Amino acid sequence: MSHFPVSRIGRTVAGLAAVAACTAGLLSATGPAAADADPAGAVAPYPNLAPTPPMGWNNWSYYMCDINEKVILDNARALVRTGLARRGYRTVTVDDCWMTKQRGPDGELVADPVKFPHGMAYVGRQLHAMGLKFGIYEDVGTATCGKFPGSLGHFRQDAEQFARWKVDYLKADGCHVPVPAGQTKEQAYREAYGKMSRALTATGRPITFSVSAPAYFQYSGDSVWHQVIDWSARLGNLWRGGADIATREQDPAAKWSSIVYNFDYNAKLAPLQRPGRWNDPDFLLTGDPGLTADETRSQMSLWSMMAAPLISSTDLTRIGATARRALGNRDVIAVDQDPLGVQGRIVAQGDGFTVLSKPLKNGDRAVALFNSGDSRRTLATTAAAAGLPPAASYRLRELVTGRTTSAGRDIVAKDVPPHATVLYRITARRPARR
C-alpha cells in the first residue's frame with residue numbers, strides 16, 4: 001500500500017455511519033477485550049511527560065505507508081548527522097502501516113516482516129543507541145486509518161507490548177471508533193481514549209501520549225470540539241486539533257493552503273492550551289518540495305509562536321541547507337520551547353495578515369507579523385497591543401535574520417514578502433519616563 005487518496009479524517013467522517021452499524025458485532029470480541037471492560041469513569045490526569053512541546057520526526061506526511069526499517073533509521077541518522085537532534089528533534093515516530101493486517105496467535109501486534117524484518121523492539125534499540133526516542137502509532141478503534149489492527153479490546157495488551165519494546169511516545173488515532181447504541185460519538189471517543197490513557201499509565205513506563213480525538217470533532221460545533229480538547233488535555237500530553245497537514249504528493253498551493261488553514265484554526269485554540277498540555281496543528285513541512293523558503297520559515301515561526309510540537313515530516317536524508325537552517329534555528333526553537341509554556345495569542349488580524357504575541361519567561365515578548373497575502377506589505381502593531389510593559393524604547397531582534405533594531409511605541413515590519421513572517425523577540429530597554 002503506497003498511500004491513501006484522501007485524508008484520514010475525511011475518510012473517518014464519511015464512514016462513521018457504517019462503523020456504527022456494525023458496532024454490536026465489533027464489541028462482542030472475546031479474549032483480551034475482557035481486560036478492557038472497565039467503565040470510562042473519571043480518569044486521573046496523565047503524567048506530565050512533555051513540559052515543553054515535543055520535537056522530532058514522523059514519516060507520515062512525506063512517506064505515508066511507503067515505510068520500512070531503512071527509511072526510519074536513515075532519517076533518524078540524518079537527525080543526528082545534521083545536528084537537528086542536538087537542537088531538540090529527538091523523537092522518531094513510526095506512523096501507520098507498520099504492522100501486519102492480523103494480530104498474532106496470542107492477540108499481539110506483529111510488525112510487518114518485510115518492512116521491519118528485525119521487529120519494532122530492534123528499531124527502538126537502534127534509535128536509543130543514537131540518543132533518540134522511539135515513537136509508534138496505533139488507533140483506539142477497531143482498526144487504524146490504513147485498516148491495520150486497532151487497539152479496541154486490546155488496550156492493556158498493546159500498552160504492555162509498547163512498554164516491552166521501550167516505546168517513548170504513542171500517537172493514537174481515532175479512525176474507526178464504533179459508537180455503541182445509547183452513547184454519543186463524543187462519549188465513545190472519550191471512553192476509548194480513557195482506556196488507552198489508563199493502560200499506558202499502568203505500564204509504569206513514561207510514554208508521551210498524543211491524542212487525536214479533537215481532530216474528529218473539528219466540525220461538530222465549538223462547544224463539543226472544545227469539550228473534547230478539555231478531556232484530551234487530561235488523558236494525554238498533546239492533541240491533534242483538526243485537519244491533517246498536506247502530504248508530499250499534493251501540489252505547492254495545496255501545501256501552503258494547509259499550513260495557513262491549520263495555523264488559523266490552531267491559533268484560535270490558545271485559551272484551551274496550558275503549560276505541559278499542547279495544541280498540535282500537525283507536522284512541519286520544512287524541506288518539502290514546492291514550498292518557498294519564506295513559506296517554510298513562516299511555518300516554523302508560527303508553530304513556535306503557538307507553542308506547537310515541532311515534528312518534521314519530510315525526507316531528512318535529502319534536506320537542503322535552507323530548510324535545515326530553518327528547522328535548526330536556535331532562536332526560533334527557543335520561542336517554541338520557552339519554559340513559560342504559553343501559546344501566543346492573536347492581537348491583530350485582517351485580510352491577509354495576522355499579528356501574534358507570546359510572553360516569554362525572562363519577561364521578553366515574541367511578536368510575529370505574518371503576511372498571508374500574495375503581495376508585499378508593511379505590518380505593524382503597538383507595544384501596548386502586544387502586551388509589552390511601558391518603556392522609553394524596545395530592543396527588537398529579528399529571529400530569522402538575527403538583525404537587531406530599536407523601536408518606540410510602534411512595532412513595524414516593513415515590506416514583508418508574500419507568505420513571509422517577521423518574528424521579533426522584544427525586550428523593554430528602559431522604563432518609560434513619568
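Whatever comes next refers back to the structure up there.
Being a predicted model, the structure only gives us computed values, none of them experimental.

**Details of the overall build of the chain**
Then comes step 1: Looking only at helices and strands, the chain features 12 helices and 16 strands.
Then comes step 2: Burial statistics for the chain: of 434 residues in total, 56% are counted as buried.
Then comes step 3: Split by element, the accessible area of the chain, about 17,200 Å² in all, is 53% carbon and sulfur.

**So, the side chain of Ser 298**
Then comes step 1: On the secondary structure map, Ser 298 appears in helix α10 (residues 293-305).
Then comes step 2: One polar contact links Ser 298 to Thr 421, side chain to side chain, over a distance of 2.8 Å.
Then comes step 3: Look past the residues within four positions of Ser 298 in its chain and what remains in contact with it is Trp 256, Phe 370, His 419, Ala 420 and Thr 421.

**Focus on the packing of aromatic side chains**
Then comes step 1: Under the definition given, this model contains 12 aromatic pairs.
Then comes step 2: Ring centres of Tyr 189 and Tyr 193 lie 6.5 Å apart, and the angle between their planes is 25 degrees; this geometry places the pair in the stacked category. Pair noted here: Tyr 189 and Tyr 193 are both in helix α7 (residues 185-202), with a separation of four residues, about one helical turn.
Then comes step 3: Assessed through its relative accessible area of 0%, Tyr 189 is described here as buried.

**Looking at the state of the cysteines**
Then comes step 1: With the rule as written, the count across this model stands at two disulfides.
Then comes step 2: Two residues, Cys 65 and Cys 97, share a disulfide whose sulfurs are 1.8 Å apart. Taken together, the residues span a long stretch of sequence, with Cys 65 in the loop between α3 (60-63) and α4 (69-81) and Cys 97 in the loop between β2 (91-94) and α5 (120-129) at a distance of 32 residues. Like Cys 65, the residue Cys 97 is buried in the burial classification.
Then comes step 3: At a sulfur-sulfur separation of 2.0 Å, the disulfide partner of Cys 145 is Cys 175.

**Some words on unusual backbone geometry**
Then comes step 1: Even without being a glycine, Met 64 presents a positive backbone phi close to 50 degrees.
Then comes step 2: Exposure remark for Met 64: the relative accessible area of 6% places this residue in the buried category.

**Remarks on the nonpolar core**
Buried together is how nonpolar side chains tend to be arranged in soluble globular proteins.
Then comes step 1: Membership of the largest hydrophobic core comes to 108 residues, with the highest contact counts inside it found for Tyr 89, Trp 98, Tyr 193 and Trp 303.
Then comes step 2: Counting contributing residues per domain, this core is built from domain 1 (55-342) and domain 2 (346-429), each supplying no fewer than three.
Then comes step 3: With sequence-adjacent residues up to four places away left out, Tyr 89 is seen in contact with Met 55, Gly 56, Leu 79, Leu 84, Leu 132, Leu 284, Met 300, Leu 310, Leu 327 and Ile 333.

**A word on the sheet that holds strand β6 (residues 238-240)**
Then comes step 1: On the basis of which strands lie adjacent, the open sheet formed by eight strands has the order β7-β6-β5-β4-β3-β2-β1-β8 and parallel pairing. Two strands bound the open sheet, and with one partner strand each, they are β7 (278-280) and β8 (310-312). Strand-to-strand twist of the sheet, defined as the mean angle between neighbouring strand axes without regard to direction, takes the value 25 degrees.
Then comes step 2: Bridging between β2 and strand β3 (residues 133-139) involves four bridges; their strand directions are parallel. Its bridge partner being in β3, Thr 91 is matched across the sheet by Lys 133.

**Thoughts on α7**
Quick reminder: α-helices carry 3.6 residues per turn. Residues three or four places apart thus point the same way.
Then comes step 1: With 18 residues, α7 extends 26 Å between its outermost C-alpha atoms, agreeing within 8% with the 26 Å of an ideal straight helix rising 1.5 Å per residue.
Then comes step 2: Taken together, the buried positions of α7 are Glu 186, Ala 188, Tyr 189, Ala 192, Tyr 193, Gly 194, Lys 195, Met 196, Ser 197, Ala 199 and Leu 200.
Then comes step 3: Where α7 terminates, the next one or two residues include Gly 204, which has phi positive at roughly 80 degrees.

**Things to note about the pattern of salt bridges**
Then comes step 1: In the structure shown here, the tally under the stated rule is 15 salt bridges.
Then comes step 2: Of the charged contacts in the structure, one is a salt bridge between Arg 103 and Asp 158, with a shortest N-O distance of 2.8 Å. Taken together, the positions of Arg 103 in the loop between β2 and α5 and Asp 158 in helix α6 (residues 155-164) put the pair 55 residues apart, joining distant regions of the chain.
Then comes step 3: Given the relative accessible area of 0%, Asp 158 is considered buried.
Then comes step 4: The residue Asp 364 makes a salt bridge to Arg 425 at a minimum N-O spacing of 3.0 Å. Pair noted here: Asp 364 is in the loop between β10 (353-359) and β11 (365-371) and Arg 425 is in strand β16 (residues 421-431), with a separation of 61 residues, a long-range link. We note that Asp 364, like Arg 425, is buried.
Then comes step 5: Among the ionic contacts, a cluster of salt bridges with common partners joins Lys 70, Asp 74 and Arg 77.

**Quick look at the packing of helix α9 (residues 252-267) against α10**
Then comes step 1: Following both chains from N to C, one finds α9 and α10 inclined at 15 degrees, their axes separated by 11 Å at the closest point. Compared by their axis directions, α9 and α10 come out roughly parallel. Judged by the twist between their axes, the crossing of α9 over α10 is left-handed. Between α9 and α10, the residues in contact are Trp 256, Ile 259, Asn 262 and Phe 263 and Glu 295, Ser 298, Gln 299, Leu 302 and Trp 303, respectively.
Then comes step 2: Residues of the contact of α9 with α10, tallied by class, amount to five nonpolar, three polar and one charged.

**Structural notes on the environment of Leu 152**
Then comes step 1: You can see Leu 152 is positioned in the loop between β3 and α6.
Then comes step 2: In the structure, Leu 152 is positioned 11 residues away from Gly 141 in sequence and 5.0 Å away in space, judged by C-alpha atoms.

**With respect to the environment of Gly 204**
Then comes step 1: Positionally, Gly 204 belongs in the loop between α7 and β5 (208-211).
Then comes step 2: With a relative accessible area of 65%, Gly 204 lands in the exposed category.
Then comes step 3: With 41 residues separating them in the primary sequence, Gly 204 and Ala 163 have C-alpha atoms 8.3 Å apart.

**Structural notes on the side chain of Thr 208**
Then comes step 1: Examined against the element boundaries, Thr 208 turns out to sit in strand β5.
Then comes step 2: Ignoring any residue separated from it by four or fewer positions in sequence, one finds Thr 208 in contact with Leu 49, Ala 50, Asp 168, Tyr 169, Leu 170, Asn 237 and Leu 238.

**Details of the pairing of β2**
Then comes step 1: Neither face of β2 is exposed, since Thr 91 and Thr 93 on one face and Val 92 and Val 94 on the opposite face are all buried.
Then comes step 2: Where strand β1 (residues 55-58) meets β2, three bridges bridge the pair, whose relative direction is parallel. Directly across from Trp 57, in β2, lies its bridge partner Val 92.

Criteria and cut-off values
- Residues numbered from 1 in each chain as written.
- Predicted model: local features only at pLDDT ≥ 70, side-chain atom pairs only at ≥ 80, totals over all residues.
- Heavy atoms only, no water.
- Helix = DSSP H or I, 4+ residues; strand = E, 2+ residues; numbered from the N terminus.
- Buried < 20%, exposed > 50% of the residue type's maximum accessible area, 1.4 Å probe, protein only.
- Areas by Shrake-Rupley, 256 points an atom, 1.4 Å probe, with all protein chains shown as cover.
- Polar contact = N/O pair within 3.5 Å; in protein donor to acceptor, adjacent residues only side chain to side chain.
- Contact = heavy atoms within 4.5 Å.
- Phe/Tyr/Trp six-rings, centres within 6.5 Å; stacked < 30°, edge-to-face > 60°.
- Disulfide = S-S within 2.5 Å.
- Core = buried A, V, L, I, M, F, W, Y, C linked by side-chain atoms within 4.5 Å.
- Domains from an automatic or database assignment.
- Pairing = 2+ DSSP bridges.
- Axes fitted to C-alpha atoms, helices over the stretch in contact; angles between N-to-C directions.
- Expected span 1.5 Å × (residues − 1).
- Salt bridge = Lys/Arg side-chain N within 4 Å of Asp/Glu carboxyl O.
- Parallel < 35°, antiparallel > 145°, perpendicular 65-115°, else oblique.
- Left-handed = near helix turned anticlockwise from the far one by under 90°.
- Nonpolar A, V, L, I, M, F, W, Y, C, P; charged D, E, K, R; others polar.

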